[in-house]
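Descriptive analysis of the structure
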Amino acid sequence: MIPISNYLDPACLLKEMPSLFQKGWQFVSMTDELANDQDFVTLDLPGTAVVVQNFAGALRAFRNVCPHRLNLVQTEERGNRPLICRYHGWAFDSGGRPKTLPPRQEFPSGGDDERLCLQRFHVEICGRFVFVSMEESPPSLTEFLGEFALVLDQLSRVIGPLTNQGTIAHACNWKLLVENVLECYHCGFVHPETFVKGLGIGKKAIADVRIALGHSSSHFPKSPTARDALKARAVAHLIDREYVHESFFHVHIFPNLFISSSEGAAFYVGHAVPISAGETNLRTRFFAPKIDLDDRAQARQDLINRQAVTLGKQVIGEDKTILENVQRGMGAANRLPVLGADEIRIKAFASAYEAAMNG
Ligand code: FES
Ligand SMILES: [Fe+2]
């Protein structure tokens, strides 16, 4: 079990950075957000800032800190602009070398000196998921993901266009967000209208659990609901979609990425980004299923996509209220939590976490 102080102590978060976030591979974005020349995405973690930038089709990752006087180079979460520091105008090439040093300055060893270059990180993609590694010699992303590489690859092929993205601030430790999505034991109590009545999820026990290398997946099986017949008519145009399952399918990629599929008809990618021991930004991305539709069916699907985003955000809001109170409860606790059979994926997360922290 993870000690309670690890959810509260700022010093522990600083230890998690090299042990969990700068080791292995950390999700940054979907390839869709980096599809064009000069597209960039940034990720701020305590003590580290990452930028992934498209250079004429090739993705490159760097520490997002200008070597000159340490300004952040790209300052937005995502966008499209060259990799140029806004302070004195250093522009960087795909190797992180300054292409042009604005006039009036001589630097000690000329433009090739490593001290004048951005620090390079590794970047790899699995399907449409872009990951960065800050390790000097990391394992390949495929090795890191193990059997879940295939899962991400398959999901990438059936996930359609992005319908919504944003960031939701949580006043709790990032691990509480992860643990919360690894079980649906709470769903009946916390999400009675959304998960239970809306989707028919939360009444049955977790199923088809797979655990490997700290990652895990499971199905949360569906029960019949009063709205099934109505829902079946509303999504009749999706009958030929490639990915169909009667459940809520959930994948966790260690340490802080989760992906879910609601019957293959709506998808969600959540990324719990730590800000401090007691603050986490949940980066949310919602997706439609990939399927060719005529205009009439597309209009129906647009409505369903909007409903899926509304429902997803409602679920996140319901969880957020609980998790912020769990954070307060942890601050007042004097013993460890107790886990039941449905919380098996939380146990797996705790084991992988402890191995990484002690490794
Ligand atoms: S700090 Fe970036 S160019 Fe000076
Ligand atoms: Fe929940």
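Residues numbered from 1 in each chain as written. Chains lettered and ligands numbered in written order. Predicted model: local features only at pLDDT ≥ 70, side-chain atom pairs only at ≥ 80, totals over all residues. Heavy atoms only, no water.

What follows covers the state of the cysteines. All chains considered together, the criterion is met by 1 disulfide. Disulfide pairing is shown between C184 and C187; the S-S distance is 2.0 Å. For the disulfide bridge between C184 and C187, the dihedral angle about the S-S bond is near -110°, and by the sign convention the bridge is left-handed. An identical accessibility class is assigned to C184 and C187; each is buried. The structure places no disulfide on C172, whose sulfur is separated from the nearest cysteine sulfur, that of C12, by 15 Å. (Disulfide = S-S within 2.5 Å. Buried < 20%, exposed > 50% of the residue type's maximum accessible area, 1.4 Å probe, protein only.)

Here we take up the domain arrangement of the protein chain. Domain boundaries assigned for the protein chain yield domain 1 (25–138) and domain 2 (148–358). Counting from both sides, the interface comprises 20 residues of domain 1 and, opposite them, 23 residues of domain 2. Of the roughly 1700 Å² buried at the junction of domain 1 and domain 2 (both faces included), carbon and sulfur atoms supply 57%. For domain 1, the biggest contributors to the area lost against domain 2 are F27, R128 and F129; these three give 32% of the whole. (Domains from an automatic or database assignment. Contact = heavy atoms within 4.5 Å. Buried area = accessible area lost by both parts, 1.4 Å probe.)

So, on to the coordination of the iron ion (ligand 2). Distances from the iron ion (ligand 2) to its protein donors, namely H186 (NE2), H191 (NE2), D319 (OD) and D319 (OD), fall within the range 2.1 to 2.3 Å. Considering all 4 donor atoms around the iron ion (ligand 2), the spread of angles at the metal, 58 to 142°, places the coordination shape in the irregular class. Written as a sequence motif, the donor residues of the iron ion (ligand 2) are H-x4-H-x127-D. In this pair, H186 sits in the loop between α4 (174–181) and α5 (187–190) while D319 sits in helix α8 (residues 295–331), placing the two residues 133 residues apart along the sequence. Each member of the pair, H186 together with D319, is buried. (Donors = N, O, S within 2.8 Å, 3.2 Å for Na, K, Ca; no water. Tetrahedral: all angles 85-135°; square planar, octahedral: opposite > 155°, others 65-115°. Helix = DSSP H or I, 4+ residues; strand = E, 2+ residues; numbered from the N terminus.)

In this structure, V52, V132, W174 and Y353 are the most contacted members of the largest nonpolar core, which totals 45 residues. Ranked by the residues each element gives to this core, the list is headed by helix α9 (residues 344–358), at 6 residues. Three or more residues apiece are contributed to this core by two domains, here domain 1 (25–138) and domain 2 (148–358). Beyond its immediate stretch of four places on either side in the chain, W174 contacts L13, E16, L20, F21, P255, N256, A272, P274, T280, F349 and Y353. Counting 25 residues, the second-largest nonpolar core is a separate cluster that includes W25, F131, V151 and F249. (Core = buried A, V, L, I, M, F, W, Y, C linked by side-chain atoms within 4.5 Å.)

Moving on to the side chain of R283. Considering the arrangement of structural elements, one finds R283 in strand β16 (residues 279–289). Judged by relative accessible area, which is 7%, R283 ranks as buried. Within the structure, the side chain of R283 is placed 3.0 Å from the backbone oxygen of T42, a separation counted as a polar contact. Setting aside chain neighbours within four positions, we find R283 in contact with V28, V41, T42, L43, E77, G166, T167, V269, G270, H271 and V273. (Polar contact = N/O pair within 3.5 Å; in protein donor to acceptor, adjacent residues only side chain to side chain.)

Right, let's get into the side chain of R128. Here R128 is to be found in the loop between β8 (120–126) and β9 (129–133). Looking at R128, the relative accessible area reads 13%, which means it is buried. There is a polar contact of 2.4 Å between the side chain of R128 and the backbone oxygen of I159. Not counting residues up to four positions away in its chain, the partners in contact with R128 are S29, M30, T31, D32, S156, I159, G160, F287 and K290.

Now for the sheet that holds strand β13 (residues 247–253). Strand order in the open sheet formed by 7 strands is β10-β16-β15-β14-β13-β12-β11, with antiparallel pairing between adjacent strands. Where the open sheet ends on each side, the last strands, each with one partner, are β10 (159–170) and β11 (207–212). Shown here is a sheet whose adjacent strand axes are inclined to one another by a mean of 15°, direction ignored. Bridge count between strand β14 (residues 257–262) and strand β15 (residues 266–276): 6 bridges; the pairing is antiparallel. Paired with S261 across the bridge in β15 is F267. (Pairing = 2+ DSSP bridges. Axes fitted to C-alpha atoms, helices over the stretch in contact; angles between N-to-C directions.)

To continue, consider the pairing of strand β4 (residues 58–63). Where strand β3 (residues 48–55) meets β4, 6 bridges bridge the pair, whose relative direction is antiparallel. Following the sheet pairing, V50 is matched in β4 by R63. Where β3 hands over to β4, the hairpin turn is made up of 2 residues, of which A56 adopts a positive phi near 50°. By the bridge criterion, 2 bridges tie β4 to β8 in an arrangement that is antiparallel. Bridging from a neighbouring strand, A61 pairs with F121 of β8.

With that settled, consider the packing of aromatic side chains. Enumeration according to the criterion identifies 12 aromatic pairs in this entry. Between the aromatic rings of F27 and F129, the centroid separation amounts to 6.1 Å while the plane-to-plane angle is 55°, which identifies the pairing as tilted. Here F129 lies in strand β9 and F27 lies in strand β1 (residues 26–30), a separation of 102 residues in the sequence. The same class applies to F27 as to F129, namely buried. Feature note: the residues F21, W174, F254, F349 and Y353 constitute an aromatic cluster, connected by ring pairs. (Phe/Tyr/Trp six-rings, centres within 6.5 Å; stacked < 30°, edge-to-face > 60°.)

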